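# Structural overview
Chain by chain, the residues run as shown.
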Amino acid sequence: MSNTIKMVVGLGNPGKEYEQTRHNAGFWFLDELAWKWKASFKEEKKFFGEVARAALPDGDIWLLKPTTFMNRSGQAVAALAQFYKIKPEEILVVHDELDIPCGRIKFKLGGGNGGHNGLKDIQAKLGTADYYRLRLGIGHPGDRNLVVGYVLNKPSAEHRRQIDDAVAKSLQAIPDILAGKWEEATRFLHSK
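Cut-offs and rules
- Residues numbered from 1 in each chain as written.
- Predicted model: local features only at pLDDT ≥ 70, side-chain atom pairs only at ≥ 80, totals over all residues.
- Heavy atoms only, no water.
- Helix = DSSP H or I, 4+ residues; strand = E, 2+ residues; numbered from the N terminus.
- Rg over C-alpha atoms; globule rule 2.2 N^0.38 Å.
- Buried < 20%, exposed > 50% of the residue type's maximum accessible area, 1.4 Å probe, protein only.
- Contact = heavy atoms within 4.5 Å.
- Lys, Arg positive; Asp, Glu negative; His and termini not counted.
- Charge placed at Lys NZ, Arg CZ, Asp CG, Glu CD.
- UniProt positions renumbered as here; feature names shortened; annotations may be inferred.
- Salt bridge = Lys/Arg side-chain N within 4 Å of Asp/Glu carboxyl O.
- Pairing = 2+ DSSP bridges.
- Axes fitted to C-alpha atoms, helices over the stretch in contact; angles between N-to-C directions.
- Parallel < 35°, antiparallel > 145°, perpendicular 65-115°, else oblique.
- Left-handed = near helix turned anticlockwise from the far one by under 90°.
- Nonpolar A, V, L, I, M, F, W, Y, C, P; charged D, E, K, R; others polar.

### As for the overall build of the protein chain
On a plain count of helices and strands, the protein chain comes out with six helices and seven strands. Walking the protein chain from its N terminus toward its C terminus, one meets helices and strands in the order β-α-β-β-β-α-β-β-α-β-α-α-α. Against the globule reference of 16 Å for 192 residues, the protein chain gives a C-alpha radius of gyration of 15 Å, in line with a compact fold. Projecting the C-alpha coordinates of the protein chain onto the three principal axes gives extents of approximately 45 × 35 × 30 Å. Looking at the protein chain residue by residue over its 192 residues, the buried ones come to 49%. For the protein chain, contacts bridging at least 24 residues in sequence account for 68% of all contacts bridging at least 6. Put simply, the protein chain has 28 plus and 23 minus side-chain charges, and the middle of one group is 1 Å from the middle of the other.

Shown next as structure tokens:
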């Protein structure tokens, strides 16, 4: 049995000033996953990001944190996918999601990008929307004019705890996701 997912991408923005912002929830997830799998990131210029290889019993999985800034995430995803011949449906992208209440999680294959610039670019560079998404809810500020400031700011302590709890819960679903047990993973992740 080999893994159905060959690459896990966490979306965020590089640099100290963005480290603790809501938009970096994907990076937070990937850091936890790498720690759990004892994989370490190193800067890879040709892949436009920080890359780690996790050697798992069912095969290697590549972890990627693009360092291109959110709106050019596809450049990194496409570079790594093409080099290692990874198909879009073997990619899991983990990202912050405004349209989901803070701390909730949604898991799906394909679909729209909901205005998320990272997803828009990945879809454009891969030429398809058919990759898996793990959507970490960060909540919405209530007014679309406040969105940029909202995603690029630190969450409150309470919201950070809810996002961290969502990351921890998401990590528990990774074995099912890797094994292609989509229904089990979805049921678990979508439960309250």
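### Description of the UniProt feature "site: Discriminates between blocked and unblocked aminoacyl-tRNA" (unreviewed entry) in the protein chain
Under the present numbering, the feature "site: Discriminates between blocked and unblocked aminoacyl-tRNA" (unreviewed entry) in UniProt falls on Asn13. When you line up the elements, Asn13 lands in the loop between β1 (7–10) and α1 (25–36). Judged by its relative accessible area of 6%, Asn13 is buried. When sequence neighbours within four positions are dropped, the list of residues in contact with Asn13 reads Tyr18, His23, Asn24, Phe27, Phe69, Met70 and Leu152.

### Considering helix α2 (residues 73–83)
With eight of 11 residues buried, α2 lies mostly within the body of the structure. Where α2 terminates, the next one or two residues include Lys85, which has phi positive at roughly 55°.

### Remarks on the pattern of salt bridges
The final tally for this structure, using the stated rule, is 12 salt bridges. Of the charged contacts, one joins Glu44 and Lys42 as a salt bridge, the two residues approaching to 3.1 Å between their closest N and O atoms. Between Arg135 and Glu97 there is a salt bridge whose closest N-O contact spans 3.2 Å. Here the residue Arg135 occupies a position in strand β7 (residues 132–137), and Glu97 occupies one in strand β5 (residues 91–97), the gap between them amounting to 38 residues.

### Looking at the sheet that holds strand β4 (residues 59–66)
With mixed pairing, seven strands are arranged side by side in an open sheet as β2-β3-β4-β1-β5-β7-β6. Here the strands that pair on one side only, and so sit at the sheet edges, are β2 (42–44) and β6 (105–109). Adjacent strand axes in the sheet meet at a mean angle of 25°, parallel and antiparallel pairs treated alike. Relative to β7, β6 is paired through five bridges, and the arrangement is antiparallel.

### A look at the packing of α2 against helix α3 (residues 117–126)
Contact geometry of α2 with α3 gives a least axis separation of 7 Å together with a crossing angle of 40°. Classed by the angle they form, the pair α2 and α3 counts as oblique. Two packed elements cross with a definite hand, and for α2 against α3 that hand is right-handed. Across the interface between the two elements, Ser73, Gly74, Gln75, Val77 and Ala78 of α2 pack against Gly118, Asp121, Ile122, Lys125 and Leu126 of α3. Broken down by class, the residue content of the contact of α2 with α3 amounts to four nonpolar, four polar and two charged.

### As for the UniProt feature "active site" (unreviewed entry) in the protein chain
Under the UniProt annotation, "active site" (unreviewed entry) lies at His23. Tracing the backbone through its elements, the reader meets His23 in the loop between β1 and α1. Relative accessible area serves as the criterion here: at 13%, His23 is assigned to the buried category. The contact partners of His23, leaving out residues within four places of it in the chain, are Leu11, Gly12, Asn13, Met70, Asp96, His116, Val151 and Leu152.

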